[in-house]
Amino acid sequence: MGVESAQTQPHSARMYDYFLGGKDNYAADRLAAEEVLKVWPTIKVAATVNRAFMRRSTRFLADAGIRQFLDIGTGIPTEPNLHQIAQEITPESRVVYVDHDPIVLAHARALMTTTPEGATAYLEADATDPESILASPELTEILDLSEPVGLSLIALLHFIETGAEEIVHTFLDALAPGSYLVICAATADFDPAQIATVREIYRARGITAQDRTREEFATLFQGLDLVDPGIVPPHRWRPDGITEVPDSYDASVSCYAGVARKK
Ligand SMILES: C[S@@+](CC[C@H](N)C(=O)[O-])C[C@H]1O[C@@H](n2cnc3c(N)ncnc32)[C@H](O)[C@@H]1O
């Protein structure tokens, strides 16, 4: 993407950065984000809740013995990043990050601050091509696919309009038993009109967008053992009391989250 198109075309990574209070965004991203905020005033909380779910689910996986992570749709680095969470528990954790936005690549250095015992790598690639991600040297040099991997797809799949189920299952087929799948993605189940408007705001600006019903979300976990408490809004997935959201946030829910283990 050229500098000019980067500055005139909004992108999901930079809009998300804006929602999280970051500075790595352009005027076009802020304008589009402000349009979303008009219909979804709690989206900044939703972005914070997603990040907190990433932290809790990563801790859960590290505590469960996972030492290798594949994080797709990483986003612009926001401390603490996934490898920092995992390596705090297990310094030898190995993490491969994947995103398709050049601005994430430009900031990838922040994702490479590994412990000496562990390793991290960054791959610029599209999630819709799982075979090339799985075959990339960046991945094969860091991850041993004969051992379990934590596959994390947080706030990614609502930017994939078709074939999400096949993509997820192509990744899972390549992973060893005992691997985990972590997903958090948008739904219109709770406020169909609001999310339909948001979907059109993204699509009208050239960003693919697709929310999912609970049933469609559950299909992504087919054949796996869902971890308690199952499929719930992300702030209800094993809350740790660190990122507090008011009880009133239950009325603004717009995402489902779930974690499952491959048998
Ligand atoms: C909303 S951000 C989520 C960032 C991070 N996972 C988190 O939850 O904080 C979504 C990220 O997915 C990336 N993304 C969207 N579609 C993608 C695709 N087809 N392939 C790779 N990355 C993609 C975007 O560039 C963006 O960085």
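Coordinates for the structure precede this section.
Computed from a predicted structure; not experimentally measured.

Asks: In this structure, what is going on with the pattern of salt bridges? I would like to understand it.
Replies: It is possible for side chains of opposite charge to pair when their charged atoms get near one another. In the structure shown here, the tally under the stated rule is 8 salt bridges. With a shortest N-O distance of 2.7 Å, Arg199 and Asp211 are connected by a salt bridge. Highlighted residues: Arg199 in helix 10 (residues 192-204) and Asp211 in the loop between helix 10 and helix 11 (214-219), separated in sequence by 12 residues. Across the pair Arg236 and Asp250 runs a salt bridge whose closest N-O atoms are separated by 2.5 Å. Taken together, the residues Arg236 in the loop between strand 6 (224-226) and strand 7 (255-262) and Asp250 in the loop between strand 6 and strand 7 connect sequence positions 14 residues apart.

Asks: Looking at this structure, I do not really get helix 3 (residues 27-39). What am I missing?
Replies: In an α-helix, one turn spans 3.6 residues, which is why side chains three or four residues apart end up on the same side. Taking 1.5 Å per residue as the helical rise, helix 3 with its 13 residues ought to reach 18 Å, and the 19 Å between its terminal C-alpha atoms agrees with that figure. Those residues of helix 3 that sit buried are Ala28, Asp29, Ala32, Ala33, Val36 and Leu37.

Asks: Help me understand the packing of helix 4 (residues 43-63) against helix 5 (residues 82-89) in this model?
Replies: Relative placement of two packed helices is described by the angle separating their axes and the distance separating the axes. Two numbers describe how helix 4 lies on helix 5: the axes approach to 9 Å, and their chain directions differ by 35 degrees. Crossing of helix 4 against helix 5: the hand is right-handed. Listed contacts from helix 5 to Met54, Arg55, Thr58, Arg59, Ala62 and Asp63 of helix 4 are Leu82, Ile85, Ala86 and Ile89. Of the residues contributing to the contact of helix 4 with helix 5, the split by class is 6 nonpolar, 1 polar and 3 charged.

Asks: Sorry, what's going on with unusual backbone geometry here?
Replies: Apart from glycine, the bulk of residues carry a negative phi angle, and the bulk of peptide bonds sit in the trans form. Of note, the amide linkage connecting Glu79 to Pro80 takes the cis form, showing an omega dihedral of -5 degrees. In this model, Asp228 is joined to Pro229 through a cis peptide bond whose omega is 10 degrees. One can find Pro229 in the loop between strand 6 and strand 7. Its identity is not glycine, yet Ala155 carries a phi of approximately 60 degrees, on the positive side. Here the phi dihedral of Arg238 falls at roughly 45 degrees; this positive angle occurs in a residue that is not glycine. Residue Arg238 is classed as partly exposed on the basis of its relative accessible area of 36%.

Asks: Explain the site of the ligand to me, please; I cannot follow it from the model alone.
Replies: Taken together, the neighbourhood of the ligand is formed by 18 residues, with Arg51, Gly73, Asp99, Ala127 and Ile154 sitting nearest. The separation between an oxygen atom of the ligand and a polar side-chain atom of Tyr16 is 3.0 Å. In this structure, a nitrogen atom belonging to the ligand sits 3.4 Å away from a main-chain N or O atom of His100. Counting residues per element, the shell around the ligand draws most heavily on helix 2 (residues 12-19), at 3 residues.

Asks: Any chance you could explain the sheet that holds strand 4 (residues 150-154) here in plain terms?
Replies: Backbone hydrogen bonds hold the strands of a sheet together, and the pairing may be parallel or antiparallel. One open sheet accounts for 7 strands, arranged 3-2-1-4-5-7-6; its pairing is mixed. Edge strands, defined here as strands with exactly one partner in the open sheet, are strand 3 (119-124) and strand 6. Strand-to-strand twist of the sheet, defined as the mean angle between neighbouring strand axes without regard to direction, takes the value 20 degrees. Where strand 6 lies against strand 7, 3 bridges are found, and the strand directions are antiparallel. Note on strand 7: the bridge partner recorded for Leu226 is Ala260.

Calculation notes
- Within each chain, residues carry numbers counting from 1 in the order of the written sequence.
- Residue-level local features of this predicted model are given only where pLDDT is at least 70; pairs of side-chain atoms are given and counted only at 80 or more, and the full residue set underlies all totals for whole chains, interfaces and linings.
- Side-chain metrics in this entry use all non-hydrogen atoms of the structure; hydrogen atoms and water are not considered.
- Whenever Lys or Arg places a side-chain nitrogen within 4 Å of a carboxyl oxygen from Asp or Glu, that contact is recorded as a salt bridge.
- For helices the rule is a DSSP run of H or I covering at least 4 residues; for strands it is a run of E covering at least 2, with both sets numbered from the N terminus onward.
- In this analysis, the expected span of each helix is defined as 1.5 Å times one less than the number of residues it contains.
- Burial classes follow relative accessibility: with a 1.4 Å probe on protein chains only, a residue under 20% of its type's maximum area counts as buried, one over 50% as exposed, and anything between as partly exposed.
- Angles here are taken between N-to-C directions and fall from 0 to 180 degrees, while the axes themselves are lines fitted to C-alpha atoms, restricted in helices to the stretch in contact.
- Each crossing gets its handedness from the near helix: less than a right angle anticlockwise from the far helix is left-handed, clockwise is right-handed.
- Any two residues having at least one pair of non-hydrogen atoms within 4.5 Å are treated as being in contact.
- In this classification, Asp, Glu, Lys and Arg are treated as charged, Ala, Val, Leu, Ile, Met, Phe, Trp, Tyr, Cys and Pro as nonpolar, and every other residue, Gly included, as polar.
- Proximity is defined per residue: if any heavy atom of the residue lies within 4 Å of a molecule or strand, that residue is considered near it.
- Under the rule applied, a polar contact is a pair of N or O atoms within 3.5 Å (in protein, one hydrogen donor and one hydrogen acceptor; residues adjacent in sequence only if both atoms are side-chain atoms).
- Any two strands between which DSSP finds at least two bridges are classified as paired.

In short, the description is geometric, and any link to function would need to be established separately.
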